[in-house]
Amino acid sequence: MVRFDNVGMRYGTGHEVLRDVSFELPRGSLTYLTGASGAGKSSLLKLMFLAHRPSRGVVELFGKDLSRLPRTQLPELRRQIGVVYQDFRLIDHMSVFDNVALPMRVSRRPAMEINAHVEELLGWVGLADKIAATPPELSGGEQQRVAIARAVIARPRLLLADEPTGSVDPEMGDRLMHLFLELNRIGTTILIATHDVAMMERHRAPVMRLIRGELAVSRPGRAA
Ligand SMILES: Nc1ncnc2c1ncn2[C@@H]1O[C@H](COP(=O)(O)OP(=O)(O)OP(=O)(O)O)[C@@H](O)[C@H]1O
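Residues numbered from 1 in each chain as written. Predicted model: local features only at pLDDT ≥ 70, side-chain atom pairs only at ≥ 80, totals over all residues.

### Here we look at the sheet that holds strand β8 (residues 189-193)
What links the strands of a sheet is backbone hydrogen bonding, and the strands pair in either a parallel or an antiparallel sense. Spatially, the six strands line up as an open sheet ordered β6-β7-β8-β3-β9-β10, and their pairing is mixed. Here the strands that pair on one side only, and so sit at the sheet edges, are β6 (81-84) and β10 (214-215). Of the strand pairs in this sheet, strand β7 (residues 158-162) and β8 are connected by five bridges, and their pairing is parallel. What sits directly across from Asp162, in β8, is Ala193. Along the sheet, helix α1 (residues 41-48) contacts β3 (30-35), β7, β8 and β9 (207-211); its crossing angle with β7, the most-contacted strand, is approximately 155°. (Pairing = 2+ DSSP bridges. Helix = DSSP H or I, 4+ residues; strand = E, 2+ residues; numbered from the N terminus. Contact = placed C-beta atoms within 7 Å. Axes fitted to C-alpha atoms, helices over the stretch in contact; angles between N-to-C directions.)

### Structural notes on the packing of helix α3 (residues 96-106) against helix α5 (residues 140-152)
Packed helices, taken two at a time, are described by the angle between their axes plus the distance between the axes. Interaxial distance between α3 and α5 falls to 7 Å at its minimum, and their mutual angle equals 30°. Considering the angle they form, α3 stands roughly parallel to α5. At the point where α3 passes α5, the crossing takes the right-handed sense. Taking contact as the criterion, the partners of Val96, Asn99, Val100, Leu102 and Pro103 in α3 are, on α5, Val146, Ala149 and Arg150. Split by residue class, the contact of α3 with α5 holds six nonpolar, one polar and one charged. (Parallel < 35°, antiparallel > 145°, perpendicular 65-115°, else oblique. Left-handed = near helix turned anticlockwise from the far one by under 90°. Nonpolar A, V, L, I, M, F, W, Y, C, P; charged D, E, K, R; others polar.)

In structure tokens:
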């Protein structure tokens, strides 16, 4: 599903922030990515959602080597990836409903299906009463939940989540994890970048650890 082979990455002419990174995420797996602040977690996610190119090595997504992929095929590939950004990246002038509906509208799903799905999901993440609000009217934790709903609504093949429980209390964190586990159960491959040790203990899964841009040996675990 995802394969990195000796990947390096740098910003501009700076030093490499990722070095010799090799790993595979099997189809249908759930994996944590952890490491100290600045270790390179967000940078690694950027390579996976095609926001940045590696300076060396091979990145394969869905069995395709990204360096050989024509640019015209990138949008199609991106549509299969759900992303929860660390800074949410919601569209401020659009309502919560419209933000979450966006991926389904891009895939031209019928309006009735969109309405039903968006309402159900916003209920699940505890935002039924905020459906008409705009992001600037929400707290950080509420914005985070909108970002998660938007990332999962179209059932992506691959979900990349950067600190998805960073702004919510443990109870809501568990609820969001159950959402991820449910999505994982129906086939989505998931990578969650997090510092949340308690969360990783409560919901066990394999852990990849970055130390100053290099991947340490992973600790086996089991999704629960
Ligand atoms: N746009 C950028 N331009 C230049 N350097 C960057 C840029 N973004 C990140 N970096 C550098 O790359 C390194 C890795 O940063 P990254 O954001 O990937 O770490 P992280 O593990 O996600 O950290 P955090 O847990 O704080 O989010 C850091 O040294 C950072 O300063």
